Amino acid sequence: MPPRPLASVAARPRPLARCPAALALALLPACGCADADDGPDATTSTATTSTAAGTEAGFVQAPDAPAPECDPGRQDCPAGQKCTPYALLAECCVDTTRCVPVSGARGEGEACTRADDTDDCARGLFCLTEQSGGAGPGTCVALCDVGDPGSCGADHCVQFNDGVLPLCRAACDPLAQTCPQGQACYAVLTEQVFVCLTSSFAPGHGLAGEPCATISACRPGLLCAPAAELDVCPEDLCCTPLCPTGVEDCPAPLACEQVYDVAAFPEYAGVGYCRLPE
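Residues numbered from 1 in each chain as written. Predicted model: local features only at pLDDT ≥ 70, side-chain atom pairs only at ≥ 80, totals over all residues. Heavy atoms only, no water.

Caption draft 1: View of the pattern of salt bridges. In this structure the tally under the stated criterion is 8 salt bridges. With its nearest N and O atoms 3.7 Å apart, the salt bridge here joins Asp145 to Arg74. Taken together, the residues Asp145 in the loop between β5 (136-142) and β6 (156-160) and Arg74 in the segment before β1 (81-86) connect sequence positions 71 residues apart. Accessibility expressed as a relative area gives 47% for Arg74, which makes it partly exposed. For Arg114, the salt bridge goes to Asp119, with nearest N and O atoms at 2.6 Å. Asp119 shares its class with Arg114; the two are buried. One salt-bridge network, held together by shared partners, links Asp71, Arg74 and Asp145. (Salt bridge = Lys/Arg side-chain N within 4 Å of Asp/Glu carboxyl O. Helix = DSSP H or I, 4+ residues; strand = E, 2+ residues; numbered from the N terminus. Buried < 20%, exposed > 50% of the residue type's maximum accessible area, 1.4 Å probe, protein only.)

Caption draft 2: A look at the sheet that holds strand β3 (residues 111-114). Within the open sheet, the 3 strands sit side by side as β3-β5-β4. Their pairing is antiparallel. The two strands at the open ends of the sheet, each matched to only one other strand, are β3 and β4 (125-128). Neighbour-to-neighbour, the strand axes of this sheet turn through a mean angle of 50°, independent of strand direction. The pairing of β4 with β5 spans 4 bridges and is classified as antiparallel. When the sheet's bridge partners are listed, Cys127 is paired in β5 with Cys140. (Pairing = 2+ DSSP bridges. Axes fitted to C-alpha atoms, helices over the stretch in contact; angles between N-to-C directions.)

Caption draft 3: Up close: the state of the cysteines. Summed over all chains, the structure comprises 13 disulfides. With its sulfur 2.1 Å from that of its partner, Cys121 forms a disulfide with Cys140. Of note, the bridge from Cys121 to Cys140 carries an S-S torsion of about -95° and is left-handed in sense. Here Cys121, found in the loop between β3 and β4, pairs with Cys140, found in strand β5; they are 19 residues apart in sequence, far enough to count as distant. Look at Cys121 and you get buried, because its relative accessible area is 0%. (Disulfide = S-S within 2.5 Å.)

Caption draft 4: A look at unusual backbone geometry. Omega for the peptide link from Ala252 to Pro253 comes to 5°, which places this bond in the cis form. Structurally, Pro253 can be placed in the loop between β11 (237-244) and β12 (255-258). Even without a glycine there, the phi angle at Gln75 is positive, about 50°. Of note, Gln75 is situated in the segment before β1. We classify Gln75 as buried; its relative accessible area is 10%. In this model, Asp162 sits at a positive phi of 60°, which is unusual for a non-glycine residue. Within the secondary structure, Asp162 sits in the loop between β6 and β7 (165-169). A relative accessible area of 9% means that Asp162 is categorised as buried.

Caption draft 5: Summary view of the packing of aromatic side chains. By the definition in use, this model includes 4 aromatic pairs. Ring geometry for Phe194 and Tyr268: centres 5.1 Å apart, planes at 65°, overall edge-to-face. A residue pair is termed long-range when its members are at least 10 positions apart, and Phe194 in strand β9 (residues 193-198) and Tyr268 in the loop between β12 and β13 (271-275) qualify at 74 residues. Owing to a relative accessible area of 0%, Phe194 belongs among the buried residues under this scheme. The class of Tyr268 is buried, set by a relative accessible area of 6%. Each residue in the set Phe194, Tyr260, Phe265 and Tyr268 is aromatic and connected to the rest through ring pairs, giving one cluster. In this structure, Arg98 is placed above the aromatic ring of Tyr86, and the distance from its NZ or CZ to the ring centre is 5.3 Å. (Phe/Tyr/Trp six-rings, centres within 6.5 Å; stacked < 30°, edge-to-face > 60°. Lys NZ or Arg CZ within 6 Å of the ring centre and 35° of its normal.)

Here's what the structure looks like:
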């Protein structure tokens, strides 16, 4: 099944214009997580459909996940506290939010330490580790208000882990791969954008045709697509190349087809991926 999309705490994700099997944003493990910006490899989830239990190429929330206590983008906790996403049910990734005392003042991009349900980042930031719900060292990244289009400036506010983890991510060119070193330009299908994320594929893996649990589990220049759209894929999701439409670079029987609806997202005109023709 494709990586799942993240819904926001305050708003649901926009409907997909036309994207591979409803793939959503997935940056974390199959349970749904997010990658640290300029930090250790991480996985986030925003990829697509999910099973009844919720799972995903780095993006899923269990159906019985607890209701969020607060909004991480709006930071609506009492004075002296902050709203932080944390993992209550899942071992992998954050699945809800809570108000906790502010216990640090580390700024965006600074090294931080994540505990089970809090961290030493300042209010409005989240310490993103190798897994969004994992404890240990990470990097402070900005949380965003999904109801405020300008909360991330020129970047995109991406809703990971069913909206529990809304993070600011830099926009990028998927064909030119214009991200900083250590990151790659990945498709967040539920949001119809491409953003920079830390790659999470294991050494020697992440190649075309190999399984992917999250959108960042593929190598730069690849997209995590549903098996139904590919000719050979041993699991639910596999990596497939991005390609410029109109250029037949895909291995037969695959063809290069547009990722997003050009009418709705003209900035991505010409950006395709190798899939079985519709």
